[in-house]
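# Per-entry structural report
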Amino acid sequence: MFINKLTLTTEGNELAFIINQKRTCYNGIYPFKIFPDMGLKELEFSPITVLYGSNGSGKSTLMNIIAEKAKIIRHSAFSNSPFFNDYVKMCKLKYSEIPHASQIITSDDVSDFLLNIRYLNDGIEVRRNELFEEYLSRKYADHRLKSLEDYDEWKENLNAQRSSQSEFVRNRLMRDVEMRSNGETAMRYYVERINENAVYLIDEPENSLSASLQLKLAEYILQSAKYFNCQFIISTHSPFFLSLDGAKIYNLDSRPVKESKWTELENVKVYHDFFKTHEKEF
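The present account deals with the structure reproduced in this document. (Residues numbered from 1 in each chain as written. Predicted model: local features only at pLDDT ≥ 70, side-chain atom pairs only at ≥ 80, totals over all residues. Heavy atoms only, no water.)

### Side note on the sheet that holds strand β2 (residues 42-44)
- Sheet architecture is open: three strands sit in the order β2-β1-β5, paired in antiparallel fashion. Each of the sheet's edge strands pairs with one partner strand only, and the pair in question is β2 and β5 (92-95). Put simply, the sheet's adjacent strands are angled 10 degrees from each other on average, direction ignored. (Pairing = 2+ DSSP bridges. Helix = DSSP H or I, 4+ residues; strand = E, 2+ residues; numbered from the N terminus. Axes fitted to C-alpha atoms, helices over the stretch in contact; angles between N-to-C directions.)

Next comes the structure, spelled out in structure tokens:
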């Protein structure tokens, strides 16, 4: 356990801060006045802690507060506000030394990675087509060495003559073509980021993952927590992550916020009722 407890600032402290503000040009005071209305004062963490709630319930806000308090590495910028840092300073986080490998992984991180891969693939595809044409022109070019000035060109032509088209193109490409689907690439992203002895804050990992890959990642997370000294704080709607064995689940949709079993959550019940209705079709 690296992160033990988050204590949010009190409603009284929030009110005092707001009254004393001289900054009047802002429309809102986010993230102030969110959590007192939810009856949320603190969160105690387990090796796997899950934050469940509908959109706008505060899951990502809590993840960002924890990440900022613990100074955990992030790869993408997040939607900040003029008062966010003020609020973070007023909260308390009980934690031990955070391993350097720890990080927060958001949907934006995964999306950026997928877009970069797609951009790379597009570039490789263009380059590969260019190399196909280059191969044909070199293969049937004049292979006689006329002068030393033509040596490099002669060498390339000779190489094309001695190679198959696929060998020529493969050897000339600077990078391999990425053949995985978006889901498989996203799964690879998580597996490469999650190492032993670290804390991982993962925001909605179900995005870009099929049901089978969600199950695979859930199992990977479970094994990492059990055997490789990792701690996870996850925000999700997915039943595959909500059902992680031994996970502590906070239901941010309940008032006040409380710990819940995964089978008690509305999103899970919707899935259950849907498949129960269609049970005879399987």
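### Notes on the environment of Phe-240
- Among the secondary structure elements, Phe-240 is positioned in helix α10 (residues 239-242).
- With a relative accessible area of 26%, Phe-240 lands in the partly exposed category.
- As a C-alpha pair, Phe-240 and Val-268 span 28 residues in sequence and 9.6 Å in three-dimensional space. (Buried < 20%, exposed > 50% of the residue type's maximum accessible area, 1.4 Å probe, protein only.)

### Side note on the nonpolar core
- By size, the foremost hydrophobic cluster in this structure holds 34 residues, and its most contacted members are Ile-3, Leu-6, Leu-8, Leu-40, Leu-62 and Leu-201.
- Listing elements by their share of this core, those giving two or more residues are β1 (3-7), α2 (35-38), α3 (59-70), α4 (84-90) and β7 (198-203).
- Ranked by residues supplied to this core, first place goes to α3 with six residues.
- Here Leu-8 is in contact with Phe-35, Leu-40, Lys-41, Leu-62, Ile-65, Tyr-87 and Cys-91, once residues within four sequence places are set aside. (Core = buried A, V, L, I, M, F, W, Y, C linked by side-chain atoms within 4.5 Å. Contact = heavy atoms within 4.5 Å.)

### Here we look at a nonpolar patch on the surface
- Where nonpolar side chains cluster on the molecular surface, the patch consists of Tyr-271, Phe-274, Phe-275 and Phe-282 and spans about 490 Å² of accessible area.
- Considering the arrangement of structural elements, one finds Tyr-271 in helix α11 (residues 266-277).
- Accessibility expressed as a relative area gives 41% for Tyr-271, which makes it partly exposed. (Patch = residues over 30% accessible without salt bridge, like charges linked within 9 Å, V, L, I, M, F, W, Y side chains within 5 Å. Areas by Shrake-Rupley, 256 points an atom, 1.4 Å probe, with all protein chains shown as cover. Salt bridge = Lys/Arg side-chain N within 4 Å of Asp/Glu carboxyl O.)

### Structural notes on unusual backbone geometry
- Residue Tyr-30 is joined to Pro-31 through a cis peptide bond whose omega torsion reads 5 degrees.
- Summarising the element assignment, Pro-31 is placed in the loop between α1 (11-19) and α2.
- Here the bond from Arg-255 into Pro-256 is cis, since omega is 0 degrees, no more than 30 degrees from zero.
- Tracing the chain through its elements places Pro-256 in the loop between β9 (248-251) and β10 (258-259).
- One non-glycine residue, Lys-71, lies in the positive phi region at around 55 degrees.
- In this structure Lys-71 comes out as exposed when scored by relative accessible area, which is 72%.
- Here the phi dihedral of Asn-197 falls at roughly 55 degrees; this positive angle occurs in a residue that is not glycine.
- Structurally, Asn-197 is set in the loop between α8 (182-193) and β7.
- We classify Asn-197 as partly exposed; its relative accessible area is 34%.

### Things to note about the pattern of salt bridges
- Counted by the stated rule, this structure contains five salt bridges.
- Between Lys-59 and Glu-204 there is a salt bridge; the shortest N-O distance is 4.0 Å. Taken as a pair, Lys-59 in helix α3 and Glu-204 in the loop between β7 and α9 (211-227) lie far apart in primary sequence, 145 residues in all. For the pair formed by Lys-59 and Glu-204, the shared burial category is buried.

### Here we look at the packing of aromatic side chains
- Tallying each qualifying case throughout the model produces eight aromatic pairs.
- When the ring of Phe-17 is compared with that of Phe-32, the centres are 4.5 Å apart and the planes differ by 5 degrees; the resulting orientation is stacked. In this pair, Phe-17 sits in helix α1 while Phe-32 sits in the loop between α1 and α2, placing the two residues 15 residues apart along the sequence. Phe-32 matches Phe-17 in its accessibility class, with the two residues each being buried.
- Pairing Phe-274 with Phe-275 gives two aromatic rings, centres 5.3 Å apart and planes at 80 degrees, and the pair type is edge-to-face.
- Judged by relative accessible area, which is 41%, Phe-275 ranks as partly exposed.
- Every member of this aromatic cluster is reached through a ring pair, and the members are Phe-17, Phe-32, Phe-35, Phe-83 and Tyr-87. (Phe/Tyr/Trp six-rings, centres within 6.5 Å; stacked < 30°, edge-to-face > 60°.)

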